[in-house]
Amino acid sequence: MTLLDHLDQLQLAWTTVAVPDPGSGEAPPKVGEKVLTILRWVAYLASAACVGGLLYTAGKMALAHRRGDDTNLSQLGWVFAACILIGSAFSIVSALI
């Protein structure tokens, strides 16, 4: 599988981000849909930030490799940790509530 195939799969995975379930509580009238809209925007922007962070880190690592510098994988690890945390945010909150 090529790098482009992996990137296509990553893009597909992020476009199918689940919308958070508000749980069993009841939102006040005329507020619930607005809150869900805000949560959808936040989820979308956080997903876009993860993809941007991966692209930035990959480009930085490519430039460092080309220059012969020592590549530091810790930044990539932090980006992956952020992606995992953002992707599992709903599950974490559900477990705590």
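This text goes with the structure placed above it.
The structure displayed is predicted, hence computed values, not measured ones. (Residues numbered from 1 in each chain as written. Predicted model: local features only at pLDDT ≥ 70, side-chain atom pairs only at ≥ 80, totals over all residues. Heavy atoms only, no water.)

## Comments concerning the overall build of the protein
In step 1: In terms of helices and strands, the protein carries four helices and zero strands.
In step 2: Across the protein, helices and strands are ordered from the amino to the carboxyl terminus as α-α-α-α.
In step 3: For the protein, with 97 residues in total, the buried portion stands at 12%.
In step 4: Nonlocal contacts in the protein, meaning residues at least 24 apart in sequence, comprise 51% of its contacts between residues at least 6 apart.
In step 5: Accessible area of the protein: about 7900 Å², with a carbon and sulfur share of 68%. (Helix = DSSP H or I, 4+ residues; strand = E, 2+ residues; numbered from the N terminus. Buried < 20%, exposed > 50% of the residue type's maximum accessible area, 1.4 Å probe, protein only. Contact = heavy atoms within 4.5 Å. Areas by Shrake-Rupley, 256 points an atom, 1.4 Å probe, with all protein chains shown as cover.)

## What about the pattern of salt bridges?
In step 1: Applying the stated criterion to the full structure yields one salt bridge.
In step 2: For the salt bridge of E33 with R40, the shortest nitrogen-to-oxygen distance reads 3.3 Å.
In step 3: By relative accessible area, E33 is classed as exposed at 51%. (Salt bridge = Lys/Arg side-chain N within 4 Å of Asp/Glu carboxyl O.)

## With respect to a nonpolar patch on the surface
In step 1: On the surface, V31, V35 and L39 cluster together to form a nonpolar patch covering roughly 210 Å² of accessible area.
In step 2: Structurally, L39 can be placed in helix α2 (residues 32–67).
In step 3: Residue classification places L39 among the partly exposed positions, given a relative accessible area of 38%. (Patch = residues over 30% accessible without salt bridge, like charges linked within 9 Å, V, L, I, M, F, W, Y side chains within 5 Å.)

## So, the nonpolar core
In step 1: With five residues, the main nonpolar core is built from C50, L54, L76, V79 and C83.
In step 2: Breaking this core down by element, the ones donating at least two residues are α2 and α3 (74–87).
In step 3: Among the elements that take part in this core, α3 stands out by supplying three residues, more than any other. (Core = buried A, V, L, I, M, F, W, Y, C linked by side-chain atoms within 4.5 Å.)

## Quick notes on the side chain of T57
In step 1: The topology assignment puts T57 in helix α2.
In step 2: A distance of 2.8 Å separates a polar atom in the side chain of T57 from the backbone oxygen of G53.
In step 3: When neighbours within four sequence positions are excluded, T57 is seen to be in contact with Q75, L76 and V79. (Polar contact = N/O pair within 3.5 Å; in protein donor to acceptor, adjacent residues only side chain to side chain.)

## Remarks on α3
In step 1: If you check α3, its first and last C-alpha atoms are 20 Å apart, about what 14 residues at 1.5 Å a residue would give, namely 20 Å.
In step 2: All of the buried residues in α3 are L76, V79 and C83. Within α3, the buried residues cover an arc of 60 degrees as seen down the axis, which keeps them to one side. α3 presents W78, I84 and L85 as exposed residues on the side facing more than 90 degrees away from its buried surface. (Expected span 1.5 Å × (residues − 1). Arc of directions from axis to C-beta.)

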